[in-house]
Amino acid sequence: MNAVFQSLLRICGALALVLFGLLAFVVAMTTMPGSSHRGPLPAMSAQERELSVRLRRHVTAIASTEHNRRHYEALEAASAYIESELAASGFVVRREEFSVAGKVVRNLEVTIPSPSAPGRSAVVIGAHYDSAQGSPGANDNGTGAAAVLELAKSLKAGAETARSDVILVLYTNEEPPYFRTSQMGSVVHAKGLVSRGMTVKAMLSLETMGYFSDEPDSQKYPWPLNQFYPSQGDFIGFVATTADWRLVRRVVQSFRAQAAFPSEGVAAPRFVPGVDFSDHAAYLDEGIPALMVTDTAPYRYPYYHTAQDTPDKVDFDKLARVVSGLNAVVRDLVEGD
């Protein structure tokens, strides 16, 4: 009996160590540097108010009607609007065209070269501009596309100290039936960067970023993340896999230092549902550090992938605050090592 009791003690001890290790791992992956903003938001600056107006204009132009390969004319109109806006900001737009089911579709890419070391390395900022079937896609992902347009303009105006290029890209074919296939726009782009020998320091996917709620239980999570995060969907999320925990901590720390807006970050295993549900997955598959910036989409947004995902559902003032914070984050990334 004594031997049996000792065996049970050893088993219990081993289980306790495993549970403690798992708890320590989860805490490490969910605890971010700095402090998330709490309480009322400060008054918007004049620049943020103007940014809010421009973001509304972009989302309305890109995502007031369903636009994807099945609605090809609308997809082409969204592409033409994006290209014209980038050209108006002084960019030469690179079209990355490919054929899908007899239709030519395209990613749209611009580059802000580093003055000191052009072509040596890059930070990629990307968002898809196609919508899901049956949805106009205002939040998913007109908001991300609009954010890329505005970041391109603002980053171009202050690139003097950048030590890396900034590549800004608008993708097509993120939504089903192309998600996780070779015809997904970001897969085409990520593989193209690798084939060109580009060193990518980080990739940020801007995905569904414009819906916020202060209501209790407005935010959902896959288990076990619901044990560690707030129940109000009032924050912007930074989501990475465990392999890129250093990147997400760096990005969250930068955002919190420079943006008075609620934020949360996580580095979770890739098998957790939602962790890789965007264009950053294509870069992860190529071994490139990447994360997603999101309002958490289906875990918060009640109109996700529905006909009700229209521009009136987007909080453009809060989106403007997020984009302003991301501008500072990208500058930190390209100015650092």
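Everything here concerns the structure above.
Here's a quick rundown of the structure. (Residues numbered from 1 in each chain as written. Predicted model: local features only at pLDDT ≥ 70, side-chain atom pairs only at ≥ 80, totals over all residues. Heavy atoms only, no water.)

### Regarding the overall build of the protein chain
Here is step 1 of the chain: Along the protein chain, the regular secondary structure elements total 8 helices and 8 strands.
Here is step 2 of the chain: Taking 337 residues into account, the globule formula puts the C-alpha radius of gyration at 20 Å, and the protein chain, at 21 Å, falls close to it.
Here is step 3 of the chain: By residue count, 54% of the 337 residues in the protein chain fall in the buried class.
Here is step 4 of the chain: Put simply, of all contacts in the protein chain between residues at least 6 apart along the chain, 79% involve residues at least 24 apart.
Here is step 5 of the chain: Counting every atom, the protein chain has about 14400 Å² of accessible surface; 58% of that belongs to carbon and sulfur. (Helix = DSSP H or I, 4+ residues; strand = E, 2+ residues; numbered from the N terminus. Rg over C-alpha atoms; globule rule 2.2 N^0.38 Å. Buried < 20%, exposed > 50% of the residue type's maximum accessible area, 1.4 Å probe, protein only. Contact = heavy atoms within 4.5 Å. Areas by Shrake-Rupley, 256 points an atom, 1.4 Å probe, with all protein chains shown as cover.)

### As for helix H6 (residues 245-258)
Here is step 1 of the chain: The first and last C-alpha atoms of H6 sit 20 Å apart over 14 residues, in line with the 20 Å expected at 1.5 Å per residue.
Here is step 2 of the chain: If you follow the buried residues of H6, they end up packed against strand S5 (200-207), strand S6 (236-241), strand S7 (263-268), strand S8 (290-294) and helix H8 (316-335). (Expected span 1.5 Å × (residues − 1).)

### Examining the pairing of S6
Working note: regular strand, side chains alternate between the two faces of the sheet.
Here is step 1 of the chain: Along S6, 6 of the 6 residues are buried, which leaves the element largely enclosed by surrounding structure.
Here is step 2 of the chain: Side chains Ile236, Phe238 and Ala240 project from S6 onto one buried face, and the interleaved Gly237, Val239 and Thr241 project onto a second face that is buried too.
Here is step 3 of the chain: Bridge count between S6 and S7: 6 bridges; the pairing is parallel. Residue pairing across strands places Phe238 opposite Gly265, the latter belonging to S7.
Here is step 4 of the chain: Remark: the S6/H6/S7 crossover connection has right-handed handedness.
Here is step 5 of the chain: Two strands pair when backbone bridges link them, and S6 and S8 are joined in this way by 4 bridges, in the antiparallel orientation. (Pairing = 2+ DSSP bridges. Right-handed = clockwise from strand over helix to strand, strands pointing away.)

### Considerations on the side chain of Asn327
Here is step 1 of the chain: Locating Asn327 in the fold gives a position in helix H8.
Here is step 2 of the chain: Accessibility expressed as a relative area gives 16% for Asn327, which makes it buried.
Here is step 3 of the chain: Contacts of Asn327, omitting those with residues within four sequence positions, involve Leu151, Ser154 and Leu155.

### Here we look at unusual backbone geometry
Here is step 1 of the chain: In the segment running from Asp140 into Asn141, the intervening peptide bond is cis, with an omega of 15°.
Here is step 2 of the chain: Relative to the assigned elements, Asn141 resides in helix H4 (residues 138-156).
Here is step 3 of the chain: The omega torsion across Trp223 and Pro224 is 10°, close enough to zero to call that bond cis.
Here is step 4 of the chain: When you line up the elements, Pro224 lands in the loop between S5 and S6.
Here is step 5 of the chain: One non-glycine residue, Asn173, adopts positive backbone phi at about 60°.
Here is step 6 of the chain: The residue Asn173 is located in the loop between strand S4 (165-171) and helix H5 (185-195) in this model.
Here is step 7 of the chain: Even without glycine at this site, Asp217 takes up a positive phi of about 65°.
Here is step 8 of the chain: The exposed category is assigned to Asp217, whose relative accessible area is 52%.

### Details of the packing of helix H2 (residues 46-62) against helix H3 (residues 72-88)
Here is step 1 of the chain: Where H2 meets H3, the axes come as close as 9 Å, and the angle between the chain directions of the two elements is 150°. Overall, the two elements H2 and H3 adopt an arrangement that is roughly antiparallel. Where H2 abuts H3, its residues Arg57, His58, Ala61 and Ile62 lie against Ala78, Tyr81, Ile82 and Glu85.
Here is step 2 of the chain: Of the residues in the contact of H2 with H3, the class split is 5 nonpolar, 1 polar and 2 charged. (Axes fitted to C-alpha atoms, helices over the stretch in contact; angles between N-to-C directions. Parallel < 35°, antiparallel > 145°, perpendicular 65-115°, else oblique. Nonpolar A, V, L, I, M, F, W, Y, C, P; charged D, E, K, R; others polar.)

### Thoughts on H3
Here is step 1 of the chain: Taking 1.5 Å per residue as the helical rise, H3 with its 17 residues ought to reach 24 Å, and the 24 Å between its terminal C-alpha atoms agrees with that figure.
Here is step 2 of the chain: The complete set of buried residues in H3 reads Leu75, Ala78, Ser79, Tyr81, Ile82, Glu83, Glu85 and Leu86.
Here is step 3 of the chain: Contacts made by the buried residues of H3 are with H2, strand S1 (94-100), strand S2 (103-112), H4 and S4.
Here is step 4 of the chain: Phi turns positive one or two residues past the end of H3, at Gly90, with a value near 95°.

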